[in-house]
Amino acid sequence: MECVFGLVGKGFAIVAADTSAVHSILLHKNNEDKIMLLDSHKLVAASGEPGDRVQFTEYVQKNVSLYKFRNGIPLTTAAAANFTRGELATALRKNPYSVNILIAGYDEECGASLYYIDYIATLHKVDKGAFGYGSYFSLSTMDRHYREDMSVEEAIELVDKCILEIRSRLVVAPPNFVIKIVDKDGARDYAWRQSVQDVTTAAV
């Protein structure tokens, strides 16, 4: 029951994701970070099969770093999104990845942006987007309350509304979420919304 969503505000982008590592009916952990730092001003949030999600996002991260190392300049957010889309499209005809991605970034020339890429390599630049079962509730909530000129505080309030709606409506709702933000000061953790702490099972 994965939930990944994001939005663009005035000079920033925010992405949020559940932190549950699940297989079939089993919950393995409650603190899995599904939002990766691509570079200093880019975030990639992913949902999908755990192996594909981890392997593919790490692959993209290392190639973005390699481009900067070779050329001395970082990829723009749009370029990183198009590279990601190209790799998914290539894999689609060989060994497809079951992964859906939101890429958020900040560029000096065009400000904050958010890109939606699904598992069949569909790419769109969006103001707000979501994947997973939580998208049924987060998208409708964002449709109702989202504005392009939102402040950080207003955007976080909207993210909290989405999380509350997911927890209230989804029959098997993930308890914990991580929220990250990217703006002119870089990409960073903003907050964790936890209702269940990760507990290590004691040896019997």
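The name given to the protein chain in an unreviewed UniProt entry is Proteasome subunit beta, with Brassica carinata as the source organism.

(A) Molecular detail of the layout of surface pockets. The calculated volume of the second largest pocket comes to roughly 260 Å³. Lining the second largest pocket are 13 residues, with His41, Pro74, Tyr106, Asp107 and Glu108 sitting closest to its centre. Partitioned by chemical class, the residues of the lining of the second largest pocket number three nonpolar, three polar and seven charged.

(B) Spatial organisation of the nonpolar core. Counting 38 residues, the largest nonpolar core has Phe5, Ile14 and Val159 as the members making the most contacts within it. Elements with a contribution of two residues or more to this core: strand E1 (3-8), strand E2 (12-18), strand E6 (42-48), strand E7 (99-107), strand E8 (111-117), strand E10 (128-132), helix H4 (152-169) and strand E11 (177-183). Ranked by residue count, the leading element in this core is H4, at seven residues. If we ignore the near neighbours within four places in the chain, the residues touching valine 159 are Phe5, Leu7, Ile14, Ala16 and Ile179. One finds Met36, Ala81, Leu88 and Tyr97 within the second-largest nonpolar core, a separate group that totals 20 residues.

(C) The pairing of E2, seen in detail. Among the seven residues in E2, seven count as buried, and that is most of the element. The alternating pattern of E2 places Phe12, Ile14, Ala16 and Asp18 on one face and Ala13, Val15 and Ala17 on the opposite face, and all of these are buried. Looking at chain direction, E1 and E2 are connected through five bridges and run antiparallel. Paired with valine 8 across the strands is alanine 13, a residue of E2. Here E1 folds back onto E2 in antiparallel fashion, the turn holding three residues, of which glycine 11 has a positive phi close to 90°. Sheet analysis places E2 next to E11, joined by seven bridges and oriented antiparallel. Paired with valine 15 across the two strands is lysine 180, which belongs to E11.

(D) Structural context of the pattern of salt bridges. Counted by the stated rule, this structure contains 14 salt bridges. In this structure, aspartate 33 engages lysine 180 in a salt bridge whose closest nitrogen and oxygen atoms are separated by 2.7 Å. Placement of aspartate 33 in the loop between strand E4 (26-29) and strand E5 (35-39) and of lysine 180 in strand E11 is noted, with a sequence separation of 147 residues between them. Assessed through its relative accessible area of 32%, aspartate 33 is described here as partly exposed. Note that aspartate 189 and lysine 180 form a salt bridge whose closest N and O atoms lie 3.4 Å from each other. Here the salt bridges do not stand alone but share partners, grouping Glu2, Asp18 and Lys34 into one network.

(E) Quick look at the sheet that holds strand E9 (residues 123-126). Within the open sheet, the five strands sit side by side as E5-E6-E7-E8-E9. Their pairing is antiparallel. Each edge of the sheet is formed by a strand with only one pairing partner; in this case those strands are E5 and E9. Between one strand axis and the next, the sheet turns by 25° as a mean value, whatever way the strands run. Against the sheet, helix H1 (residues 50-71) contacts E5, E6 and E7, and its axis sits at roughly 15° relative to E5. Its contacts with the sheet put helix H2 (residues 77-92) on E6, E7, E8 and E9, and the angle it makes with E7 is roughly 160°.

(F) Spotlight on the sheet that holds E2. Spatial ordering of the open sheet is given by E10-E1-E2-E11-E12, a layout of five strands whose pairing is antiparallel. Edge positions in the sheet fall to E10 and strand E12 (186-193), since each of these pairs with one other strand and no more. When the angles between neighbouring strand axes are averaged without regard to direction, this sheet yields 15°. The sheet contacts of helix H3 (residues 135-145) involve E1 and E10, and relative to E10 the element is tilted by about 165°.

(G) Focus on the pairing of E5. With four of five residues buried, E5 lies mostly within the body of the structure. Alignment of E5 against E6, held across four bridges, turns out to be antiparallel. Paired with leucine 37 across the two strands is leucine 43, which belongs to E6. Taken together, E5 and the strand that follows it, E6, pair antiparallel across an intervening segment of two residues.

Conventions we followed
- Residues numbered from 1 in each chain as written.
- Predicted model: local features only at pLDDT ≥ 70, side-chain atom pairs only at ≥ 80, totals over all residues.
- Heavy atoms only, no water.
- 1 Å grid on protein atoms, 1.4 Å probe; cavity = no way out; pocket = protein on both sides within 12 Å on 5 of 7 lines; lining within 4 Å.
- Points joined across faces, edges and corners; volume = space filled by probe spheres on them.
- Nonpolar A, V, L, I, M, F, W, Y, C, P; charged D, E, K, R; others polar.
- Core = buried A, V, L, I, M, F, W, Y, C linked by side-chain atoms within 4.5 Å.
- Buried < 20%, exposed > 50% of the residue type's maximum accessible area, 1.4 Å probe, protein only.
- Helix = DSSP H or I, 4+ residues; strand = E, 2+ residues; numbered from the N terminus.
- Contact = heavy atoms within 4.5 Å.
- Pairing = 2+ DSSP bridges.
- Salt bridge = Lys/Arg side-chain N within 4 Å of Asp/Glu carboxyl O.
- Axes fitted to C-alpha atoms, helices over the stretch in contact; angles between N-to-C directions.

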